[in-house]
Amino acid sequence: MTKQLLKVVLIGDGGVGKTSLRNQFIHKRFTNAYKATIGADFITKEIELGDGKRVSLQIWDTAGQERFQSLGIAFYRGADACILCYDVTNYLTFEHLAKWRREFLNQAGIGDSNPDFPFVLLGNKIDIDERVVSRRQARGFAREHSILTGAKTEMPCFEASAKDGIHVEDAFIYIAKTVRIP
Ligand code: GDP
Ligand code: MG
């Protein structure tokens, strides 16, 4: 059996909870402390899909440099899936997704060549009551994206709380189940 390894990148504005989402998914833990590490890094997690099938997700996270500089080509190159993260309580982070998507496509060298590149939308911090981005708006973005690119399948939309550990796995499991290396 060939074992699949998928490179998954987490992108989106600083502060939306990318590092917290990954920590919660990998370690089932949430810490409030903001820890800046040096350089981008990845953690690999193996996922059992049932009937003996396994997929390893190599999940890339930034070291916080998205706040002031480009993430660099090495971060994006060879990505098999991209999770576009925003904060449901911060509209600007949602507005910036189009920019992040473009940046990803340019830097990863995908451009317009693959309209079906697997993007996943992930709104975080649903534990906070003051939500300003609705599910409807998220689906609107996904629909716009598929119309714009001519993608066959619409970008799936997930919402989670890294703090409470709610629905954090969904986006990752979706990728493990659906993304196949050609
Ligand atoms: P990143 O810059 O995108 O990696 O975001 P971080 O993971 O560092 O999180 C930024 C801040 O948001 C931190 O203070 C986290 O504790 C907080 N945070 C992250 N996820 C959640 C969440 O689901 N709910 C709440 N209430 N706070 C969160
Ligand atoms: Mg971070």
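This text goes with the structure placed above it.
A brief look at the structure comes next.

Rules behind the numbers
- Residues numbered from 1 in each chain as written.
- Chains lettered and ligands numbered in written order.
- Predicted model: local features only at pLDDT ≥ 70, side-chain atom pairs only at ≥ 80, totals over all residues.
- Heavy atoms only, no water.
- Core = buried A, V, L, I, M, F, W, Y, C linked by side-chain atoms within 4.5 Å.
- Buried < 20%, exposed > 50% of the residue type's maximum accessible area, 1.4 Å probe, protein only.
- Helix = DSSP H or I, 4+ residues; strand = E, 2+ residues; numbered from the N terminus.
- Contact = heavy atoms within 4.5 Å.
- Polar contact = N/O pair within 3.5 Å; in protein donor to acceptor, adjacent residues only side chain to side chain.
- Salt bridge = Lys/Arg side-chain N within 4 Å of Asp/Glu carboxyl O.

A look at the nonpolar core
Counting 26 residues, the largest nonpolar core has I11, L84 and F104 as its most contacted members. When residues of this core are traced back to their parent elements, those giving at least two are β1 (4-11), α2 (73-76), β4 (81-87), α4 (97-107), β5 (119-124) and α5 (135-149). Sort the elements by how many residues they give to this core and α4 lands first, with 4 residues. Once residues within four sequence positions are removed from consideration, L84 is found in contact with I11, L97, W100, R101, F119, V120, L121, L122, F141 and M155. Counting 25 residues, the second-largest nonpolar core is a separate cluster that includes L10, I83, F158 and A162.

A short note on the side chain of Q58
Relative to the helices and strands, Q58 is located in strand β3 (residues 53-61). Engagement of the side chain of Q58 in a polar contact is seen with the side chain of W60, the distance being 2.8 Å.

Some thoughts on the pattern of salt bridges
Under the defined criterion, the tally for this structure stands at 8 salt bridges. In this structure, the salt-bridge partner of E48 is R54, at a minimum N-O distance of 3.3 Å. Residue class for E48 comes out exposed when judged on its relative accessible area of 53%. The shortest N-O distance in the salt bridge between K125 and D87 comes to 3.4 Å. Of the two residues, K125 sits in the loop between β5 and α5 while D87 sits in strand β4, which places them 38 residues apart along the sequence.

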